[in-house]
Amino acid sequence: MKDHDVSERRACSLAGLDRSTFQYEKKTGGDEALRERLRALAGERRRFGYRRLGILLTREDHHANHKKLYRIYREEKLAVRRRKGRKRALGTRRPMTMPSGPNERWSLDFVSDSLTGGRRFRILCVVDDFTREALAVVADFSISGHRLARELDAIIARRGKPKTIVSDNGTEMTSHAIFKWAQEQHIEWHYIAPGKPTQNAFVESFNGRLRDECLNEELFSSLTEARAALKAWAIAYNQQRPHTSLGGLAPAVFARNHQQQSAKRSRPASPELRKGSTQRALTTNHKPERKANRLYL
């Protein structure tokens, strides 16, 4: 039509294209409100499938046929996972997104090691997924759900509450003490799928560095020695150790730089500064007339 100046009817006939197909314009479904409410209901009713969720949506005047509802249900990855074997916590079914700032998402896991006498001990590792800071490296012979809750309370007293905590389905993380603590603190707890440690990649990477650079390099005759070595390594990790994913910066340095940049962006400019900037702009844009070149004989 553009190159040969023919009509739409003639062009569609030559191309073998139906005119209704050519004239069709995609229409947005306008189902953002439906998606948002479906995600909220799936988070509240974690064992409900799309049919039961559809009934709840219909009660709230969100009408959609079962095919559309099922399509959105699958796109949002809200399918109910079948339980097999022992009882495991499911947590939220919403897919995780990358954190955009400090203290948005923490990851935690346990690492095991043994003393020279053969007695084993456990190490609780808590990491900020955005800054990669080691928030806690706690060693003890036994760490229960109540002890885990107390350690998290101590971190919150220093840094404030996170929006989400990610962990596996270990017995400590699925205990009644942690369920009660998460509800009281109003913190979303996300459990990864069983056998999928890559879904908790940040703390798994930290565990690898901890074992390679500290646990495999030293021998501990007592728990006191292990705690002292872990504390020193965690301080060096946060303050000095360069992190490749942070552009070679140490996690604490990266966190300070991000905080300073955020403060600069949120700080309003003073009237004197805006006035001075305007005057400088006017002075810069003003170009005096150039004098004609003079010839000196």
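Above this text is the structure in question.
Residues numbered from 1 in each chain as written. Predicted model: local features only at pLDDT ≥ 70, side-chain atom pairs only at ≥ 80, totals over all residues. Heavy atoms only, no water.

Participant: So what exactly am I meant to see when it comes to the pairing of strand β3 (residues 134-140) here?
Facilitator: For a regular strand, side chains alternate in direction, first toward one face of the sheet and then toward the other. The buried count for β3 comes to 7 of 7 residues, which makes it a mostly enclosed element. Alignment of strand β2 (residues 120-128) against β3, held across 6 bridges, turns out to be antiparallel. Looking at β3, one finds that valine 126 is bridged to alanine 136. Linkage of β2 to β3, two consecutive antiparallel strands, is achieved through a turn of 5 residues, within which arginine 132 is found at a positive phi near 65°. (Buried < 20%, exposed > 50% of the residue type's maximum accessible area, 1.4 Å probe, protein only. Helix = DSSP H or I, 4+ residues; strand = E, 2+ residues; numbered from the N terminus. Pairing = 2+ DSSP bridges.)

Participant: Would you explain the packing of aromatic side chains in this entry?
Facilitator: Any two aromatic rings considered together are summarised by their centre-to-centre distance and by the angle between their planes. For the coordinates displayed, the defined rule picks out 10 aromatic pairs. Seen in terms of ring centroids, phenylalanine 130 and phenylalanine 254 are 5.6 Å apart; in terms of plane orientation they differ by 45°. Their pairing is tilted. Here phenylalanine 130, found in the loop between β2 and β3, pairs with phenylalanine 254, found in helix α10 (residues 251-266); they are 124 residues apart in sequence, far enough to count as distant. Taken as a pair, phenylalanine 130 and phenylalanine 254 share a single burial class, namely buried. Three or more aromatic residues joined by ring pairs make a cluster, and in this case those are Phe179, Trp181, Trp189 and Tyr191. (Phe/Tyr/Trp six-rings, centres within 6.5 Å; stacked < 30°, edge-to-face > 60°.)

Participant: Help me understand the packing of helix α9 (residues 223-239) against α10 in this model?
Facilitator: The axes of two packed helices give the description: the angle between them and the distance between them. Running from amino to carboxyl end, α9 crosses α10 at an angle of 45°, the nearest separation of the two axes being 4 Å. In terms of orientation, α9 lies oblique with respect to α10. Where α9 abuts α10, its residues Tyr237, Asn238 and Gln239 lie against Pro251, Ala252, Val253 and Arg256. (Axes fitted to C-alpha atoms, helices over the stretch in contact; angles between N-to-C directions. Parallel < 35°, antiparallel > 145°, perpendicular 65-115°, else oblique. Contact = heavy atoms within 4.5 Å.)

Read these as spatial facts, not as claims about activity.
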